[in-house]
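# Examination of the molecular architecture
Residues per chain, in single letters:
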Amino acid sequence: MYNITDQLNKKIVLIYRNMILNTDGDTVLGIAVGDCLFNSRSVVFGKIIRSTAYNLKGEIIGRAVLANPALNFNITQEQLKQAWNILSNITEHTCPWIQMSEEWALHSFADHLA
């Protein structure tokens, strides 16, 4: 499991079993497929490269930090359905090339999920 943190190191979402979850772990907000990040509308919004999340412009939207491995969520059938729905509705199966920068984006990781 990974915590995605913002510029102030505040946890904003979790990635667990390829599901992007809210910080309580009870709502599926998107999915990660390989290094590509998809929102709940099945649209790619970024990539994770070398523990950094980037938007499609290459701006930083978060940092991936390995969470305590003892933490474990009980994923529900509803969460699996939500994640499967996102996955099955992906129509653009290629993730665009991005030019990474060291600049933080004005819009956060969470903004891309809405």
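For the structure given in this document, a descriptive report is provided here.

Procedures and definitions
- Residues numbered from 1 in each chain as written.
- Predicted model: local features only at pLDDT ≥ 70, side-chain atom pairs only at ≥ 80, totals over all residues.
- Heavy atoms only, no water.
- Patch = residues over 30% accessible without salt bridge, like charges linked within 9 Å, V, L, I, M, F, W, Y side chains within 5 Å.
- Areas by Shrake-Rupley, 256 points an atom, 1.4 Å probe, with all protein chains shown as cover.
- Salt bridge = Lys/Arg side-chain N within 4 Å of Asp/Glu carboxyl O.
- Helix = DSSP H or I, 4+ residues; strand = E, 2+ residues; numbered from the N terminus.
- Buried < 20%, exposed > 50% of the residue type's maximum accessible area, 1.4 Å probe, protein only.
- Phe/Tyr/Trp six-rings, centres within 6.5 Å; stacked < 30°, edge-to-face > 60°.
- Expected span 1.5 Å × (residues − 1).
- Arc of directions from axis to C-beta.
- Contact = heavy atoms within 4.5 Å.

### A closer look at a nonpolar patch on the surface
- A cluster of nonpolar side chains, Val-33, Trp-84 and Leu-87, forms an exposed patch at the surface whose accessible area comes to about 300 Å².
- Among the structural elements, Leu-87 can be located in helix 1 (residues 77-88).
- On the basis of relative accessible area, Leu-87 is assigned to the partly exposed category, the value being 35%.

### Some remarks on the packing of aromatic side chains
- By the definition in use, this model includes 1 aromatic pair.
- Consider the rings of Phe-45 and Phe-109, whose centres lie 5.3 Å apart with planes at 90°: the pair is edge-to-face. One end of the pair, Phe-45, is in strand 6 (residues 44-49); the other, Phe-109, is in helix 2 (residues 109-113), and 64 residues separate them in sequence. This pair shows no difference in class: Phe-45 is buried, exactly as Phe-109 is.

### A word on helix 1
- Helix length check: helix 1 (12 residues) gives 16 Å between terminal C-alpha atoms against 16 Å at 1.5 Å per residue, within 8%.
- Of the residues making up helix 1, those classed as buried are Gln-79, Ala-83 and Ile-86. All buried residues of helix 1 lie within an arc of 60° about the axis, which places them on one face of the element. Turned more than 90 degrees off the buried face of helix 1, the exposed positions are Gln-77, Lys-81 and Trp-84.
- The elements touched by buried residues of helix 1 are strand 3 (19-21), strand 4 (28-33) and strand 5 (36-39).

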